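# Structural description and commentary
Letter by letter, the chains look like this.
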Amino acid sequence: MSVEDTLGRPLRDFRISVTDRCNFRCTYCMPKEVFNRDYEFLPRADLLTFEELTRVAKAAVALGAEKFRLTGGEPLMRRHLDRLVGQLADIEGVADIAMTTNAALLSKHAAVLKEAGLSRVTVSLDAIDNEVFQSMNDVGVDVQTVLDGIDAAANVGLGPIKINMVVKKDINDQEIPKLAEHFRGTGHIVRFIEYMDVGATNGWRMNDVLAAGEILARIEEHHEIEPVDPGYRGEVASRYRYKDGSGEIGIIASVTKPFCGDCTRLRLGADGRLFTCLFGSEGTDIRGPIRDGATDDDLVEIMRGVWEARTDRYSEKRTESNLPFPRVEMSYIGG
Ligand code: SAM
Ligand code: SF4
Ligand code: SF4
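Read on for an overview of the structure. Predicted, not measured: the structure shown is a model, and the values here were computed from it. (Residues numbered from 1 in each chain as written. Chains lettered and ligands numbered in written order. Predicted model: local features only at pLDDT ≥ 70, side-chain atom pairs only at ≥ 80, totals over all residues. Heavy atoms only, no water.)

### Focus: the site of ligand 1
Selection rule: Whether a residue is near a molecule or strand depends on its heavy atoms: it is near if one of them lies within 4 Å of it. For the purposes of these results, a polar contact is taken to be a pair of N or O atoms within 3.5 Å, where, inside protein, one atom must be able to donate a hydrogen and its partner to accept one; residues adjacent in sequence count only when each atom of the pair is a side-chain atom. In these tables, accessible area is a Shrake-Rupley quantity obtained with a 1.4 Å probe, and a residue counts as shielded only by the protein chains included in the view. Each helix corresponds to a stretch of at least 4 residues labelled H or I by DSSP, and each strand to a stretch of at least 2 residues labelled E; elements are numbered beginning at the N terminus.
The environment of ligand 1 is made up of 20 residues, and the closest members are Tyr28, Gly73, Ser124, Val166 and Met196. Between an oxygen atom of ligand 1 and a side-chain N or O atom of Tyr28, the distance comes to 3.1 Å. Note that an oxygen atom of ligand 1 is positioned 3.3 Å from one of the backbone N or O atoms of Thr101. For ligand 1, the protein covers 94% of the area, taking 540 Å² as the surface of the free molecule. Elements that contribute at least two residues to the shell around ligand 1 include exactly strand 3 (96-101), strand 5 (162-167) and strand 6 (189-194).

The following block contains the structure:
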């Protein structure tokens, strides 16, 4: 069964945020001034259980989803995540289960997650210089810990690994060629991400965005690269390869070159709200119906309704007024 939204976009990817907590305080995502001791994270009882998450995931598959991505907050902060991976891997029709992580705890968990059925990981790493990295994660975790996590994941077969770097102008843009160089020839793919205006707490300004064209230019100062065709419909990164055959990079230009026309992603917040756009504000509660006794068919129908009503194309309309605000936080919905 498949389903299309009002713009003819099918549902293909299902992103599951398993927690709104994180062991980092990346300044562009969970600034310490806001996410401090007084911040109220979701109470445990509000989180969907693994059984509940799996039921929602099954309903997404019934509507056409083929790929899952676990995210957060930091997904590795959720205890026994491997059990959820195992349950998701048992759903018939799922081709791929990925996870986006800051990798601080990845060395410890990579093997058991692979064993449970995880297909691959995407690791966020915003700098290769330790000082710059620590000033961005704001909790003192060092680059080597993340690199060890990447190696551990690659060693158990969770690669090739995508490395996500969010670029903030004048903060870590000098790291672009360094990060590219570090991973060139390793088989891992660095993807440079334009800093986005998600959430309501990071104080985003267009002036902080280094546009995709400028990111490319920084790499071209060092290497010759050429474009690669997209691998599939809805691929968010524009792909490039080094002409000398030493690998590939990607650029995710959601600010300057939006890709809403191909957006096939449905997102589930940790407390069971469905979002059809990263820039949503309310979401649709599915936990209530589940806990009130909805059947699996009921869940499919609720989700079908949500998708069929979908009109989102926030990034294409960014400059218009009347856009939803406050928007859901990235640390809640997970990217
Ligand atoms: N904690 C995990 C991590 O960092 O990989 C998963 C959740 S995190 C919210 C998912 C991704 O969103 C990360 O790659 C992060 O760098 C990215 N992200 C967070 N805030 C962003 C922003 N304002 N603009 C662009 N990307 C952002
Ligand atoms: Fe945590 Fe990921 Fe947000 Fe950084 S980007 S604060 S690691 S959720
Ligand atoms: Fe998809 Fe919304 Fe991002 Fe557009 S702005 S690509 S609709 S998540």
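### Overview of the side chain of Thr54
Inspection of the secondary structure puts Thr54 in helix 1 (residues 50-62). There is a polar contact of 2.9 Å between the side chain of Thr54 and the side chain of Gln87.

### A look at the environment of Gly293
Test applied: Exposure classes here rest on a 1.4 Å probe applied to the protein chains alone. A residue is buried below 20% of its type maximum, exposed above 50%, and partly exposed in between.
Along the chain, the position of Gly293 falls in the loop between helix 8 (287-291) and helix 9 (296-308). The exposure class assigned to Gly293 is exposed, which follows from its relative accessible area of 53%. Separated by 161 residues in sequence, Gly293 and Val132 have C-alpha atoms that sit 49 Å apart.

### Description of the side chain of Asn172
Definition in use: Contact between two residues is taken to exist if any of their heavy atoms lie within 4.5 Å; hydrogens are not considered.
Its location among the elements puts Asn172 in the loop between strand 5 and helix 6 (176-183). From its side chain, Asn172 meets the backbone oxygen of Asp126 in a polar contact 2.9 Å long. When neighbours within four sequence positions are excluded, Asn172 is seen to be in contact with Asp126, Val132, Met136, Met165, Val166 and Val167.

### Quick look at empty space enclosed by the protein
The condition is simple: Lining residues are defined by having an atom within 4 Å of a point belonging to a cavity or pocket. Those points lie on a 1 Å grid over the protein atoms alone, cavities being sets where a 1.4 Å probe fits but cannot get out and pockets being open sets with protein on both sides within 12 Å along at least five of seven lines. Grid points are joined across faces, edges and corners, and a volume is the space filled by probe spheres set on the points. Side-chain classes follow a simple rule in which Ala, Val, Leu, Ile, Met, Phe, Trp, Tyr, Cys and Pro form the nonpolar group, Asp, Glu, Lys and Arg form the charged group, and the remainder, Gly included, forms the polar group.
One pass over the structure, following the stated rule, counts one cavity of 30 Å³ or more. Reported here for the largest cavity is a volume of approximately 40 Å³. Phe183, Arg184, His188, Tyr242 and Glu248 are the residues nearest the centre of the largest cavity, which is lined by 13 residues in total. For the lining of the largest cavity, the secondary-structure elements that each account for two or more residues are helix 6, strand 6 and strand 9 (248-252). Here the lining of the largest cavity is composed, by residue class, of six nonpolar, five polar and two charged.

### Brief notes about the layout of surface pockets
For the second largest pocket, the calculated volume is near 350 Å³. If you go around the second largest pocket, the residues you meet are Thr19, Asp20, Arg21, Leu42, Arg44, Leu47, Phe50, Met77, Arg78, Arg79, His80 and Arg83.

### Overview of the pairing of strand 10 (residues 265-268)
Consecutive side chains of a regular strand alternate in pointing toward one face of the sheet and then the other. Rules: Two strands are said to pair when DSSP picks up at least two bridges between them.
Every second residue of strand 10 is oriented toward a common face, with Arg265 and Arg267 on one face and Leu266 and Leu268 on the other, all of them buried. Across four bridges, the pairing between strand 1 (residues 13-17) and strand 10 is parallel. Counterpart to Asp13 in the pairing with strand 10 is Arg265. Linking strand 10 back to strand 11 (residues 273-275) in an antiparallel pair, the connection comprises four residues, with Gly272 at a positive phi of about 85°.

### Some details on the packing of helix 1 against helix 9
Angle between the axes and distance between the axes: these two values describe a pair of packed helices. Formally: Structural elements are reduced to axes, namely lines fitted to C-alpha atoms, with helices fitted over the stretch in contact, and the angle between N-to-C directions of any two is expressed from 0 to 180 degrees. By definition in this entry, angles of less than 35 degrees are roughly parallel, angles greater than 145 are roughly antiparallel, angles of 65 to 115 are roughly perpendicular, and the rest are oblique. Crossing chirality is assigned from the near helix's rotation relative to the far helix, an anticlockwise turn below a right angle marking it left-handed and a clockwise turn marking it right-handed.
Close contact between helix 1 and helix 9 brings their axes to 9 Å; oriented N to C, the two are set at 60°. By the criterion of interaxial angle, the relationship of helix 1 to helix 9 is oblique. Here the hand of the crossing between helix 1 and helix 9 comes out right-handed. On helix 9, the residues that touch Arg55, Val56, Ala59, Ala60 and Ala62 of helix 1 are Asp296, Leu299, Val300 and Met303. Of the residues in the contact of helix 1 with helix 9, the class split is seven nonpolar, no polar and two charged.

### Considerations on the nonpolar core
Quick note on the threshold: Put simply, a nonpolar core is a bunch of buried Ala, Val, Leu, Ile, Met, Phe, Trp, Tyr and Cys residues held in one set by side-chain atoms that sit within 4.5 Å of each other.
Of all hydrophobic cores here, the largest spans 109 residues; its most connected members are Phe14, Phe192 and Met303. Apart from residues no more than four positions distant in its own chain, Met303 is found in contact with Phe14, Val56, Ala59, Ala60, Leu63, Leu266, Leu274 and Ile286.

### With respect to the packing of helix 3 (residues 106-116) against helix 5 (residues 143-155)
Running from N to C, helix 3 and helix 5 point in directions that differ by 15°, and their axes come no closer than 8 Å. By the criterion of interaxial angle, the relationship of helix 3 to helix 5 is roughly parallel. Handedness of the helix 3/helix 5 crossing: right-handed. Of helix 5, the residues touching helix 3 (which contributes Leu106, Ser107 and Ala110) are Asp148, Gly149, Ile150, Ala152 and Ala153. Across the contact of helix 3 with helix 5, the residue classes break down as five nonpolar, two polar and one charged.

### Details of the pairing of strand 6
Spelled out, the test is: A clockwise path from the first strand over the helix to the second, with the strands pointing away from the viewer, defines a right-handed crossover.
Counting buried residues along strand 6, six of its six residues qualify, which places the element largely inside the surrounding structure. Alternating residues of strand 6 divide into Ile189, Arg191 and Ile193 and Val190, Phe192 and Glu194, and every residue in both groups is buried. Sheet analysis places strand 5 next to strand 6, joined by six bridges and oriented parallel. Directly across from Val167, in strand 6, lies its bridge partner Glu194. Note on the crossover from strand 5 through helix 6 to strand 6: the handedness is right-handed. In terms of strand pairing, strand 6 meets strand 9 through four bridges, oriented parallel. The residue bridging Phe192 from the neighbouring strand is Ile251, located in strand 9.

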